[in-house]
Each structure stands twice: as structure tokens, then as C-alpha cells.
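Chain and residue survey
Residues per chain are reported as follows:
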Amino acid sequence: MEKAMNIVLFGPPGSGKGTHAETLVKEFGFIHLSTGDLLRKEVREKTELGVQAEKLMTAGQLVSDEIIHGMIANFVKPVIDNKGRVLCDGFPRTLPQLDFLVSFLERCGSQLDMIFVLEIPNEMLIQRLTGRRSCPACGAVYHIVNMPPKLDGVCDACHGALIQRKDDVREAIEERLATYEKQTFPVLQAIETKGLKVAKIDASLQREVCYTQIAGYVREFLK
Ligand code: AMP
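Residues numbered from 1 in each chain as written. Predicted model: local features only at pLDDT ≥ 70, side-chain atom pairs only at ≥ 80, totals over all residues. Heavy atoms only, no water.

So, about unusual backbone geometry. Looking along the chain, the bond that leaves Phe 91 and enters Pro 92 is cis, with omega of 0 degrees. Despite not being glycine, Lys 46 has its phi angle at roughly 55 degrees, a positive value. Positionally, Lys 46 belongs in the loop between helix H2 (35-44) and helix H3 (48-58). Lys 46 gets classed as exposed once you look at its relative accessible area, which sits at 67%. A positive phi angle, near 60 degrees, is found at Lys 83, a position not held by glycine. Among the secondary structure elements, Lys 83 is positioned in the loop between helix H4 (65-81) and strand S3 (85-89). (Helix = DSSP H or I, 4+ residues; strand = E, 2+ residues; numbered from the N terminus. Buried < 20%, exposed > 50% of the residue type's maximum accessible area, 1.4 Å probe, protein only.)

The following block contains the structure:
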């Protein structure tokens, strides 16, 4: 049987959480839980939750903890029951979300094994986010300078038309970074106080270098 491992990729928007998540899924079989992706799906499908969430997301603000707790519970429980490995991307983003995740995993008979903190200066984030383009059909992510698609505006993987997320424009980015400083950064302190295992990663380094460090920690844990 595979050894269990539950991890969090923690860091500001644009620090590379989604990109590393994709590779970790392929290499170690993690099940990727991105609250941002789940919310964007609700928005696309114009559900009641999606309509509510869209305004907040476009403004760079957080949706309520209750909504996120519901998503975490629905998603995490079956993965743990199937002895899968959970990778949390984009949460916890608030102190209540951290408490909820830790206690929910315990109630499922599991635990949070490691938190990767991706550290990177704000100027670099703004450059990365304003150039980001994504494929709404398959979720692939590109950057107009650092990782352009083969054909301008077209997804390499599924040939869908690439879009710029509404919250990847400068005004929304600045608001998202301010929200991160105010509501999410304090979560890091709480993580350290709880004695959870933290690995700090310099996310300003090249993607491959950064990934090699993360994968090294995962491999060591799974040994
Ligand atoms: P992301 O793709 O993780 O940057 O998330 C995009 C947007 O979705 C955020 O700016 C928030 O508005 C919302 N969101 C995603 N995850 C959370 C969360 N854990 N708590 C509250 N809001 C969230």
C-alpha cells in the first residue's frame, strides 16, 4: 500500500503553486485540491455559489470560510477514505481554514504532513500574474514571456482559446496581494506555532530548481 502524505502549497498568488501541483500529481499521485479551480468551475457553470463568488474573486477578495470548509470536507473525505494523498493549493488562506483543515484531517484519521511555503518578492508576482494566460477548457497555464504556447492564444494541450483571468489584471492583482498580506500571511505564523512541518522554498528561482527542492522533501518523507 502507498504511504499516505498530505501537503499544502502555501504562498501568494503567482508563486507557482498550481504549476508545481501539476508536476507533483504526475510524479507522486497526489490528488490536487485547488479551491480557486473549484470556485472558477462554479462561476463557469453559473451556479448560485458561482454567481456569489465571482464578484469577490474579481475584486481580489476572499469568499467566506463556510463555503471553503464545505468544499474541503466534500473533497478531502473521499480521498482519505481511498488512502489517497491530498495536495492543498490555495488554502488554508485564513486562520479558521487552517484550524478546519487540521481538525478535519484528524477526524478522518489522517494528518497534515508538510507545508511548502513559496517565498517570492511582490514585483516578481506582478510580472508573472499580468502575463499569465490560462485555458478554461483544460486548465493549462501559460505565460506570454516565460512559458508561451506554441501558437499565440491557443492551448498546446487541447487547442482551446486562452484567456486572461479577470483577476489577473493589475488592479485586482494589487488587491489580491494586499488580501494575502492581511489575511493569509498570519496563517504562516499559526502554522509555525502549531508545530507543523514547514519547508521554505525560494520561489523566485527557476521553476525546475524550485520543483526539485519540493520533490526532494516529498521523496524523503515517502522513503
Ligand atoms: P486562486 O486561484 O487560488 O488564486 O483563487 C482565486 C480566487 O478565488 C481568490 O482570489 C479568492 O477570491 C477565491 N479563493 C480561492 N481559494 C480561496 C480560499 N481558500 N478562501 C477564500 N477565497 C478563496
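So, next bit.
Of all residues adjacent to the ligand, which total 16 residues, the nearest are Thr 35, Arg 40, Gln 61, Arg 93 and Gln 97. In the environment of the ligand, an oxygen atom lies 2.5 Å from a nitrogen or oxygen atom belonging to the backbone of Gln 61. Arg 93 places a side-chain nitrogen or oxygen 3.0 Å from an oxygen atom of the ligand. Within the complex, the protein chains bury 96% of what would otherwise be the 470 Å² of accessible surface of the ligand. For the shell around the ligand, the element with the most residues is H2, which contributes four residues. (Near = heavy atom within 4 Å. Polar contact = N/O pair within 3.5 Å; in protein donor to acceptor, adjacent residues only side chain to side chain. Areas by Shrake-Rupley, 256 points an atom, 1.4 Å probe, with all protein chains shown as cover.)

Tallied over the entire structure, the rule returns 14 salt bridges. Among the ionic pairs, Lys 77 bridges to Asp 81, the shortest N-O distance being 2.8 Å. With Lys 77 and Asp 81 both in helix H4 and four residues apart, the pair spans about one turn of that helix. Overall, the relative accessible area of 37% leaves Lys 77 in the partly exposed class. With its nearest N and O atoms 2.8 Å apart, the salt bridge here joins Asp 99 to Lys 194. Of this pair, Asp 99 sits in helix H5 (residues 95-107) while Lys 194 sits in the loop between helix H7 (170-193) and strand S7 (198-202), placing them 95 residues apart in sequence. A relative accessible area of 39% places Asp 99 in the partly exposed class. With a relative accessible area of 40%, Lys 194 lands in the partly exposed category. Each of Arg 132, Arg 165, Asp 167, Asp 168 and Arg 176 takes part in salt bridges that share partners, so that together they form one network. (Salt bridge = Lys/Arg side-chain N within 4 Å of Asp/Glu carboxyl O.)

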